[in-house]
Amino acid sequence: MTEQLSGDPLALLARWFEAGDHRTMTFATADADGVPHARTVLVTGVGPAGVRFHSSTPTTKTRDIAANPRATGVFHWPSLGRQVVVEGRAGELDAETSRAGYLAQPRRLQLIAWAYHALLPRLEPPHHAVAPGAVEAAFDAAAADPASAEPPPSWTTILLEPERIDFWQAGTETTTSTKTRFVRDGDGWRHFPALP
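Residues numbered from 1 in each chain as written. Predicted model: local features only at pLDDT ≥ 70, side-chain atom pairs only at ≥ 80, totals over all residues. Heavy atoms only, no water.

### Details of the overall build of the protein
Here comes step 1: The helix and strand tally for the protein stands at five helices and eight strands.
Here comes step 2: Dimensions along the principal axes, computed over C-alpha positions, put the protein at roughly 55 × 35 × 35 Å.
Here comes step 3: Residues classed as buried in the protein amount to 37% of the 196 residues present.
Here comes step 4: For the protein, the proportion of contacts with a sequence separation of at least 24, taken over those separated by at least 6, is 63%.
Here comes step 5: Looking at the protein as shown, the accessible area adds up to about 10700 Å², and 56% of this sits on carbon and sulfur atoms.
Here comes step 6: For the protein, the distance from the average site of its 18 positive side-chain charges to the average site of its 22 negative ones is 2 Å. (Helix = DSSP H or I, 4+ residues; strand = E, 2+ residues; numbered from the N terminus. Buried < 20%, exposed > 50% of the residue type's maximum accessible area, 1.4 Å probe, protein only. Contact = heavy atoms within 4.5 Å. Areas by Shrake-Rupley, 256 points an atom, 1.4 Å probe, with all protein chains shown as cover. Lys, Arg positive; Asp, Glu negative; His and termini not counted. Charge placed at Lys NZ, Arg CZ, Asp CG, Glu CD.)

### A few points about the packing of helix 4 (residues 107-119) against helix 5 (residues 134-143)
Here comes step 1: Contact geometry for helix 4 and helix 5: axes closest at 8 Å, N-to-C directions at 115 degrees. Classified by chirality, the crossing of helix 5 by helix 4 is right-handed. The segment helix 4 lies against helix 5, with Arg107, Arg108, Leu111, Ile112, Trp114, Ala115, Ala118 and Leu119 engaging Ala134, Val135, Ala138, Phe139, Ala142 and Ala143.
Here comes step 2: The residue inventory of the contact of helix 4 with helix 5, partitioned by class, reads twelve nonpolar, no polar and two charged. (Axes fitted to C-alpha atoms, helices over the stretch in contact; angles between N-to-C directions. Left-handed = near helix turned anticlockwise from the far one by under 90°. Nonpolar A, V, L, I, M, F, W, Y, C, P; charged D, E, K, R; others polar.)

### Things to note about the pattern of salt bridges
Here comes step 1: Overall, the coordinates contain nine salt bridges when judged by the stated rule.
Here comes step 2: The shortest N-O distance in the salt bridge between Arg70 and Glu163 comes to 2.6 Å. Taken together, the residues Arg70 in strand 4 (residues 70-77) and Glu163 in strand 6 (residues 155-169) connect sequence positions 93 residues apart.
Here comes step 3: For Glu163, a relative accessible area of 31% corresponds to the partly exposed category.
Here comes step 4: If you follow the salt bridges from partner to partner, you end up with Glu3, Arg15 and Arg82 in one network. (Salt bridge = Lys/Arg side-chain N within 4 Å of Asp/Glu carboxyl O.)

### So, a nonpolar patch on the surface
Here comes step 1: A surface patch of nonpolar side chains, about 240 Å² in accessible area, is lined by Tyr116, Val130 and Val135.
Here comes step 2: Relative to the helices and strands, Tyr116 resides in helix 4. (Patch = residues over 30% accessible without salt bridge, like charges linked within 9 Å, V, L, I, M, F, W, Y side chains within 5 Å.)

Right, here's the structure in full:
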């Protein structure tokens, strides 16, 4: 059944996010030349400021954001017949916020962050190849290092601050799909139906 949407779109997104069957988002950026890049990221929070997730730096996403902060995130929950597209500006948050995010991560993800920290400086463009077994070795080394209880210097938190949010809901055999668009309007939002 199609839900009638109004109010704060970030509160709506947070509710849909919690009801969804996964916590991932496709995050799309473009570099200074306009070359697009997209990847799936693990979202760690949706709140009044926007959508938050973690990354290592420098990576393609953080280099893109530094050159061109315009970005888009796409949530898709096929089993619920829902999709949300978030368009806005992305940027890195402060070190203390990032540290708190690191401490809240499962241990496996903390060790992956340290493995990336060890390997990122060794990567050579354009393909950024990694030697066979290098990730596993760096992961094991981090697991044995007490320093990995704290975040590596390359750990960062990214916030996508929306300026437009589209909520799409699938139709049925006898009804059409719907899209409700929310656009920032000063300190608030306005919303209206949009073409799917």
